[in-house]
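Residues per chain are reported as follows:
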Amino acid sequence: MPFTRIILRQGYSDAQLTQISDILQQSLEDEFAVPPGDRFQVFEELPARLRVFDRHYKSRGRSENFVQFMITAGKPRSREQKHKLCRRLCQQLSQSLDIDPQDVMVIIQFNTVDDWSFSDGCLMSEEARFHE
């Protein structure tokens, strides 16, 4: 049940945004055991003046192609799962869209089922009662 905000520069085509979305989703399915169809993503294309970042902090160098993935996920994942997700995402973005891995930042946060309401005002922890 991840929700991801993807913050990037302006200028990507619709096809490229779809590719980024698909790469993220496949990475989440493969490395975080996210079920197919559990896709909730928001793209924020911002002009350069609204994207402030250090080009060298904990990096060999970032460009204007810098992309941030802010993933909020339900159940916690292991350090190994988080590492594999980040690696796979960087590799696939590099191979498919020529986005340098130095330009990819991933932030992962976890919360509980009581922090999610997918519809009808029901918390996810309540859903089982409503589907019986």
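Look above for the structure.
Because the structure is a prediction, the values reported are computed rather than measured.

Digging into the pairing of strand 4 (residues 104-110)
Okay, so step 1: As paired elements, strand 3 (residues 67-73) and strand 4 share 7 bridges and run parallel to each other. Each residue of the ladder has a partner; that of Ile-71, found in strand 4, is Ile-108.
Okay, so step 2: Handedness of the crossover is the feature at issue here: the chain leaves strand 3, passes through helix 2 (residues 79-97), returns alongside strand 4, and the resulting connection is right-handed.

Description of helix 1 (residues 14-32)
Okay, so step 1: With 19 residues, helix 1 should reach 27 Å at 1.5 Å per residue; the first-to-last C-alpha distance of 26 Å fits that figure.
Okay, so step 2: Along helix 1, the residues classified as buried are Leu-17, Ile-20, Ser-21, Ile-23, Leu-24, Gln-25, Ser-27, Leu-28, Glu-31 and Phe-32.
Okay, so step 3: Taken together, the buried residues of helix 1 touch strand 1 (3-9), strand 2 (41-46), strand 3, helix 2 and strand 4.
Okay, so step 4: Remark: Ala-33 follows helix 1 within two positions and exhibits a positive phi of approximately 55 degrees.

Considerations on the side chain of Gln-41
Okay, so step 1: Positionally, Gln-41 belongs in strand 2.
Okay, so step 2: Accessibility expressed as a relative area gives 18% for Gln-41, which makes it buried.
Okay, so step 3: A polar atom in the side chain of Gln-41 sits 2.5 Å from the side chain of Ser-21.
Okay, so step 4: Every residue in contact with Gln-41, bar those within four places of it in the chain, is listed here: Thr-4, Ile-6, Ser-21, Leu-24 and Gln-25.

Examining the sheet that holds strand 1
Okay, so step 1: Strand order in the open sheet formed by 4 strands is 2-1-3-4, and the pairing between neighbours is mixed. Unpaired on one side and paired on the other, strand 2 and strand 4 mark the two borders of the sheet. With direction set aside, neighbouring strand axes in the sheet form an average angle of 15 degrees.
Okay, so step 2: Relative to strand 2, strand 1 is paired through 6 bridges, and the arrangement is parallel. Counterpart to Leu-8 in the pairing with strand 2 is Glu-45.
Okay, so step 3: The sheet contacts of helix 1 involve strand 1, strand 2, strand 3 and strand 4, and relative to strand 2 the element is tilted by about 140 degrees.

Thresholds applied
Residues numbered from 1 in each chain as written. Predicted model: local features only at pLDDT ≥ 70, side-chain atom pairs only at ≥ 80, totals over all residues. Heavy atoms only, no water. Pairing = 2+ DSSP bridges. Helix = DSSP H or I, 4+ residues; strand = E, 2+ residues; numbered from the N terminus. Right-handed = clockwise from strand over helix to strand, strands pointing away. Expected span 1.5 Å × (residues − 1). Buried < 20%, exposed > 50% of the residue type's maximum accessible area, 1.4 Å probe, protein only. Contact = heavy atoms within 4.5 Å. Polar contact = N/O pair within 3.5 Å; in protein donor to acceptor, adjacent residues only side chain to side chain. Axes fitted to C-alpha atoms, helices over the stretch in contact; angles between N-to-C directions.

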